[in-house]
Amino acid sequence: MTMTSYPYRVVTDGLGFPEGPVVRPDGSVIVCEIKNRCLTTVFPDGSKEVLLRLDGAPNGAAVGRDGALYICNNGDGFAWGDPGGVTQPVGGNPAFSGGRIERIDLDTLVVTELYRTIGGHDLLMPNDIVIDRDGGLWFTDHGTRTPRSFIHGGLYYGKP
């Protein structure tokens, strides 16, 4: 069976490299628009609304036990390009502000920075996050590239 044989429906388009979808009780989905450095709500009818613009760039999201949204912010570490007509990261961004984990109160949209370092190591470009049954935060950091090297990240655990 080929990919084209599966039925699908485009809900919306025009997003800036969306990742980290979080389904909300009302059927909407919050996505991290990495390239556009914002969180966007996509409604079931396909309409969309920017929920919050962030310093850095949101890369992954999950709702915690407290109802807040926890974000992997990659610090806007990507430079963007369109090689082959496909928008994608093409290198490092000189304006990189440092990776971090943030908590967003969905009622007030107040952003609180939780972590920039773990065990004495700076976070580079946190990527994906999940919340465990105890409310703990599991997240990845895929590292970063320089013109001459690759700095590895890791898998981390923290409490909100």
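This next bit is on the overall build of the protein chain. When you go through the protein chain residue by residue, the secondary structure sums to zero helices and 17 strands. Against the 2.2 N^0.38 benchmark of 15 Å for 160 residues, the protein chain shows a C-alpha radius of gyration of 16 Å, consistent with a compact globule. Dimensions along the principal axes, computed over C-alpha positions, put the protein chain at roughly 45 × 40 × 35 Å. Out of the 160 residues belonging to the protein chain, those deemed buried represent 38%. When contacts within the protein chain are restricted to residue pairs at least 6 apart in sequence, long-range pairs at least 24 apart make up 39% of them.

A few words now on unusual backbone geometry. Positive phi is not limited to glycine here, since Asp76 has a value of about 60°. Looking at Asp76, the relative accessible area reads 11%, which means it is buried. With a phi angle near 65°, Leu109 is a residue other than glycine that sits in the positive phi range. Mapping Leu109 onto the fold places it in the loop between strand 9 (100–104) and strand 10 (111–115).

Strand order in the open sheet made by the four strands is 1-2-3-4, with antiparallel pairing throughout. This sheet does not close on itself; its edge strands, each paired only once, are strand 1 (18–23) and strand 4 (48–53). Strand-to-strand twist across the sheet, computed as the mean angle between neighbouring axes with direction ignored, equals 25°.

On inspection of all chains with the given rule, the structure shows zero disulfides. Left unpaired, Cys38 is separated from the closest cysteine sulfur, that of Cys32, by 9.3 Å. Left without a disulfide partner, Cys72 is nearest to the cysteine sulfur of Cys32, which lies 8.3 Å away. The exposure class assigned to Cys72 is buried, which follows from its relative accessible area of 0%.

Membership of the largest hydrophobic core is limited to 12 residues, which are Ala62, Ala68, Tyr70, Cys72, Ile101, Tyr115, Ile118, Leu123, Ile129, Leu137, Phe139 and Tyr156. Contributions of two or more residues to this core are made by strand 6 (69–73) and strand 14 (137–141). In contact with Ala62, other than residues within four places in its own chain, are Val22, Ala68, Leu69, Tyr70, Ile129, Val130 and Ile131.

This brings us to the layout of surface pockets. Any empty space left between atoms is shown by rolling a water-sized probe over those atoms. As a volume, the largest pocket reaches approximately 220 Å³. As for the largest pocket, its lining consists of Gly77, Phe78, Pro89, Val90, Gly91, Gly92, Met125, His142, Gly143, Thr144, Arg145 and Phe150. Of the residues that constitute the lining of the largest pocket, the class distribution is five nonpolar, six polar and one charged. For the second largest pocket, the calculated volume is near 150 Å³. Around the second largest pocket sit Arg9, Val11, Thr12, Leu15, Gly27, Ser28, Val29, Val31, Val42, Phe43 and Pro44, which together line it. Partitioned by chemical class, the residues of the lining of the second largest pocket number seven nonpolar, three polar and one charged.

Okay, the pattern of salt bridges next. Overall, the coordinates contain four salt bridges when judged by the stated rule. Put simply, Asp76 and Arg37 hold a salt bridge, and the shortest N to O gap is 3.7 Å. Of the two residues, Asp76 is situated in the loop between strand 6 and strand 7 (78–81) and Arg37 in the loop between strand 2 (29–33) and strand 3 (38–42); the sequence distance between them amounts to 39 residues. Of the charged contacts, one joins Asp66 and Arg103 as a salt bridge, the two residues approaching to 3.1 Å between their closest N and O atoms. With a gap of 37 residues between them, Asp66 in the loop between strand 5 (58–63) and strand 6 and Arg103 in strand 9 connect regions that are remote in the sequence.

Quick notes on the rules
Residues numbered from 1 in each chain as written. Predicted model: local features only at pLDDT ≥ 70, side-chain atom pairs only at ≥ 80, totals over all residues. Heavy atoms only, no water. Helix = DSSP H or I, 4+ residues; strand = E, 2+ residues; numbered from the N terminus. Rg over C-alpha atoms; globule rule 2.2 N^0.38 Å. Buried < 20%, exposed > 50% of the residue type's maximum accessible area, 1.4 Å probe, protein only. Contact = heavy atoms within 4.5 Å. Pairing = 2+ DSSP bridges. Axes fitted to C-alpha atoms, helices over the stretch in contact; angles between N-to-C directions. Disulfide = S-S within 2.5 Å. Core = buried A, V, L, I, M, F, W, Y, C linked by side-chain atoms within 4.5 Å. 1 Å grid on protein atoms, 1.4 Å probe; cavity = no way out; pocket = protein on both sides within 12 Å on 5 of 7 lines; lining within 4 Å. Points joined across faces, edges and corners; volume = space filled by probe spheres on them. Nonpolar A, V, L, I, M, F, W, Y, C, P; charged D, E, K, R; others polar. Salt bridge = Lys/Arg side-chain N within 4 Å of Asp/Glu carboxyl O.

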